[in-house]
Every structure is written in C-alpha cells, then in structure tokens.
Amino acid sequence: MYKFIKSFLVLALGLFLTGSLVANGLNLNGVGSKSIGMGGAFVGLADDFSAVYYNPAGLSQMEAPSLSLFGSFILPKGTYQFDLLGIDTETKSRVYPTGALGYFKPISDKMTVGILAYMPCGAGAEWNGNDLLWLSNGVAFTWESQVGVMTVAPSISYKVSDQFSIGLSLNMNYGMLKVKKPGIGQYEEDLSGMGFNATIGALFKPSDKFSVGIYFKTPYKVTLKGDATMEMLDIFGLPTTSGLEREATFPLWLAAGIAVKPMDKLTITADVHFTNWKKLDTIPATLDDALWQLVLGGALDLDLRWEDTVQLRFGIEYLFSEAFALRAGFYTDPGPSPLATQNFLLPSIDYNVASLGFSFNTGKIKLDFAVEYLM
C-alpha cells in the first residue's frame, strides 16, 4: 500500500510540477478556483472541496456526493540585475501546470468524508546561462531549481451541532528538490522523500449571515535523499557522484477567517494567515561519500534564515443569479527571506496579489474560473 501511494505521488508530481517565483515562501497560496477568485480568504467560508486545504471543518456543508477537479497554469516572469557586472536577465518563459482531484461524500447528517490529491508547495526558477557568464567564469552553465510537494489528504468533517463543525485532514506529502548550478563544473542534485502532517479545523456558523473559522496545519520534516553530481571532480581524483541527504522542515501554518453576508446575494470574507518560516533556518547537506564530506562538508548547506510571515486576505462574491456568480479578492504576501540570504534560484519576494473569478452552476455541474496577478 505504501509503495502504491508513493508511486501515485511521484506520477502526480511529475504531471503537476509547479515552480518559479511563487508566493509565501515555498507554499502556493490556494487550491480551488472559487477560493482563489476570492483572494484565498476562505477559512471562514470553506464551502467546497478546497476546505481540505483551508479548513476541513467546512466539508460538513456538503449536501451531496461531489467529484472535484481543479487545474491551474502559472506563467511566471522574474528579472535579475547586477549592474556592477553588467547582468540584466530574466527567467525563461515556461508554463507550469498544477491541479487537484478529489471525491467527497456525506455518510450521515453529521459526517462527511473524502480524499483530495493536490499540490500545496512549489518554488524555483530557470535562468539563461549565457546571461550569467560573469558568475561562472565565462562558461554557460545551467541555472535551474525546482521544489515541489504533492499531498494526498484523506479528510473527515463532523457536525457537532447545527452551528459548530470540526474537521481533520491527514496529509501524506511527497517532496522533491532539483538543483542545477555551477560547481566544479556543472553541479546537479536530485532528491525526494516523504513526510506526514495534519490539518485541523473548526467552523462556527451561528446563522446563514455569519461564520468564523480557524485552522492549524502541523509542521513536518521531510528527509530528502538522492544523488549529487559535480562533473569535473574526477580531475582531482574524486568520484563525480555522491549520495546526498537533506532534512527540510515545512512550517506550522495557523489561520483564522470570517465570512459575512450583509445581503442574500453578497458574501464578504477576510482571513489572517501566520506561517512559521523561522523554522526553515538552514537545510543541511549530508554526503555519503567520505571524500566529498571531507572536501565539501558544509559547503552545500542551504543557508536561508527565513523569517515568520503574516498574510492578510480579503474576498467578495456576488450572486447575479442561481447560475452565475462574480468574485474578486486581494491579499498581501510578504516574502520570508531577508536580503542577506536572497537567492535567485529560490526567490522569495514580497507581493501584493489581486484576483478575479466567476462561477457558472447548471445544478449538476459547477464550473469555476479565476485569475491572479502578482505585483
């Protein structure tokens, strides 16, 4: 069973690998077109499948079985300038797909169960080596990084009363890290591993006009294992490949949100999200090869020194009819990286984000669409 789950996660991560200049450190800021269209301010509303990500207690609001499919495309663009060396370049143009697939079913008046596979994390960048010759002794090396996590989350929600629900998601996370950059010749590493954590949520809805939610995502560690290669180490009589292990901590995430309906057709939401990125101080490297460890021990550690962040998110939805809804949102997203450790292979940048979305509901099928613009 474990091998089956791992194989499924590897396949899914290969199909839906997201990267390059994303927000909130390593985290993507939302799952689901409805929530993204409302600026990711969804903890206090959580009334569709994306509750698994935002607040699993909200799954109790589902009244019928639901098969949910979500897909998105990220079109990033970043620039890097170093005037002293005459460097003025930008990331390569690529389209990064991501998505989610889930099934949910109420099994009683009080309990809903389901499962969702989705990508909560993705980061990285790809640069043109010909534009970075000053950083690599005139040689056009490959500069590329990819970090990704694919999660499969069995979830359950229980309605304690008509006004109060609790929920739990158990998250099986498959992570990967790929890096290509100059070393002694071209340096490459390709690592992967698994980690487990949980998302715990509560939703209090005293009336149809108002609800408040909270959720807590537990931290977890992933031991990433694989190989590192430096293609020219044989010149010094050293092996060109060594086994490599890194231990990365994915942080605690705590959020609270409200949803208010001042009129039947209008919903307004607001969230505050705290991410404990300070735990991601250093990602150490342990090398299997004794000669690599002797010569390079410590040199391959990733020194991040990231800082905790707080996001503010706001959303609005207006129902023009039972079939059509229009949405908009806005959120702030401070990057966790201090200037001293900013790295263009793992960029962490301050953003302000605006979103728009709409929904079309036939009664049996609901289609949601959203776009985000990161400023």
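Residues numbered from 1 in each chain as written. Predicted model: local features only at pLDDT ≥ 70, side-chain atom pairs only at ≥ 80, totals over all residues. Heavy atoms only, no water.

## Quick notes on the overall build of the protein
Stage number 1. Along its length, the protein carries four helices and 20 strands.
Stage number 2. A globule of 375 residues ought to have a C-alpha radius of gyration of about 21 Å, and the protein, at 22 Å, matches this closely.
Stage number 3. Principal-axis analysis of the C-alpha atoms places the extent of the protein at approximately 70 × 45 × 35 Å.
Stage number 4. Looking at the protein as a whole, 50% of its 375 residues qualify as buried.
Stage number 5. Taking the intrachain contacts of the protein between residues at least 6 apart in sequence as the baseline, contacts between residues at least 24 apart amount to 66%. (Helix = DSSP H or I, 4+ residues; strand = E, 2+ residues; numbered from the N terminus. Rg over C-alpha atoms; globule rule 2.2 N^0.38 Å. Buried < 20%, exposed > 50% of the residue type's maximum accessible area, 1.4 Å probe, protein only. Contact = heavy atoms within 4.5 Å.)

## Things to note about the nonpolar core
Stage number 1. Among the nonpolar cores identified, the biggest contains 30 residues, and Leu-26 and Phe-250 are the most heavily contacted of them.
Stage number 2. At the level of elements, strand S5 (111-127), strand S6 (143-159), strand S7 (164-183), strand S8 (185-207), strand S10 (220-230), strand S11 (241-250), strand S15 (285-287) and helix H4 (290-296) are the ones that each hand at least two residues to this core.
Stage number 3. Broken down by element, the residue count for this core peaks at five residues, all from S10.
Stage number 4. When sequence neighbours within four positions are dropped, the list of residues in contact with Leu-26 reads Pro-120, Cys-121, Gly-122, Ala-123, Val-147, Phe-250, Trp-277, Leu-280, Trp-306 and Leu-346.
Stage number 5. Phe-42, Leu-59, Ala-100 and Trp-253 belong to the second largest nonpolar core, which has 24 residues in total. (Core = buried A, V, L, I, M, F, W, Y, C linked by side-chain atoms within 4.5 Å.)

## Overview of the pairing of strand S2 (residues 79-82)
Stage number 1. Pairing analysis gives four bridges linking S2 to strand S3 (residues 87-90), with the strands arranged antiparallel. Bridging across to S3, Tyr-80 finds its partner in Thr-89.
Stage number 2. Remark: four residues form the turn of the hairpin made by S2 and S3, two consecutive strands paired antiparallel; Gly-86 in that turn has positive phi of roughly 70°. (Pairing = 2+ DSSP bridges.)

## Points about empty space enclosed by the protein
Stage number 1. Tallied over the entire structure, the rule returns one cavity of 30 Å³ or more.
Stage number 2. Considering only enclosed or pocket space, the largest cavity measures out at about 140 Å³ in volume.
Stage number 3. Contributing to the lining of the largest cavity are 15 residues, with Asn-27, Cys-121, Asn-197, Lys-217 and Tyr-220 lying nearest its centre.
Stage number 4. Every element with two or more residues in the lining of the largest cavity is listed here: S5 and S7.
Stage number 5. Residue contributions to the lining of the largest cavity peak at three residues, all from S5.
Stage number 6. Of the residues belonging to the lining of the largest cavity, the class tally is seven nonpolar, seven polar and one charged. (1 Å grid on protein atoms, 1.4 Å probe; cavity = no way out; pocket = protein on both sides within 12 Å on 5 of 7 lines; lining within 4 Å. Points joined across faces, edges and corners; volume = space filled by probe spheres on them. Nonpolar A, V, L, I, M, F, W, Y, C, P; charged D, E, K, R; others polar.)

## Points about unusual backbone geometry
Trans is the common state for peptide bonds, and a negative phi is the common state for residues other than glycine.
Stage number 1. Even without being glycine, Ala-46 reaches a positive phi, approximately 45°.
Stage number 2. Structurally, Ala-46 can be placed in the loop between helix H2 (33-37) and helix H3 (51-54).
Stage number 3. Take Ala-46: its relative accessible area is 0%, and that puts it in the buried class.
Stage number 4. The phi dihedral of Arg-305 falls on the positive side, at around 55°, and the residue is not glycine.

## Regarding the side chain of Asn-29
Stage number 1. With respect to the helices and strands, Asn-29 occurs in the loop between helix H1 (2-15) and H2.
Stage number 2. Among the polar contacts made by the side chain of Asn-29, one reaches the side chain of Gln-311 at a distance of 2.9 Å.
Stage number 3. Looking at Asn-29, its side chain comes within polar contact range of the side chain of Arg-313, at 3.0 Å. (Polar contact = N/O pair within 3.5 Å; in protein donor to acceptor, adjacent residues only side chain to side chain.)

## Let's talk about the pattern of salt bridges
Pairing of side chains with opposite charge becomes possible as their charged atoms draw close.
Stage number 1. Summed over all chains, the structure comprises eight salt bridges.
Stage number 2. Where Lys-209 meets Asp-264, a salt bridge forms, and the shortest distance between an N and an O atom there is 2.8 Å. With Lys-209 in the loop between S8 and strand S9 (210-217) and Asp-264 in the loop between strand S12 (253-263) and strand S13 (266-275), this pair connects stretches of sequence that are 55 residues apart.
Stage number 3. Relative accessible area serves as the criterion here: at 61%, Asp-264 is assigned to the exposed category.
Stage number 4. Two residues, Glu-247 and Lys-221, come together in a salt bridge whose shortest N-O distance is 3.8 Å. Taken together, the residues span a long stretch of sequence, with Glu-247 in strand S11 and Lys-221 in strand S10 at a distance of 26 residues.
Stage number 5. Look at Glu-247 and you get partly exposed, because its relative accessible area is 38%.
Stage number 6. Through salt bridges with shared partners, a single ionic network connects Glu-317, Arg-327 and Asp-368. (Salt bridge = Lys/Arg side-chain N within 4 Å of Asp/Glu carboxyl O.)

## Focus on the side chain of Ser-35
Stage number 1. Relative to the helices and strands, Ser-35 resides in helix H2.
Stage number 2. If sequence neighbours within four positions are ignored, Ser-35 has contacts with Gly-40, Ala-41, Phe-42, Ser-50 and Tyr-54.

## Comments concerning a negative patch on the surface
Stage number 1. A contiguous patch of negative charge on the surface is contributed by Glu-188, Asp-190, Asp-227, Glu-231, Glu-245 and Asp-288.
Stage number 2. Here Glu-245 is to be found in strand S11.
Stage number 3. Its relative accessible area of 31% is what places Glu-245 among the partly exposed residues. (Patch = residues over 30% accessible without salt bridge, like charges linked within 9 Å, V, L, I, M, F, W, Y side chains within 5 Å. Areas by Shrake-Rupley, 256 points an atom, 1.4 Å probe, with all protein chains shown as cover. Lys, Arg positive; Asp, Glu negative; His and termini not counted. Charge placed at Lys NZ, Arg CZ, Asp CG, Glu CD.)

Everything listed here is a matter of coordinates, which is why it stays silent on function.
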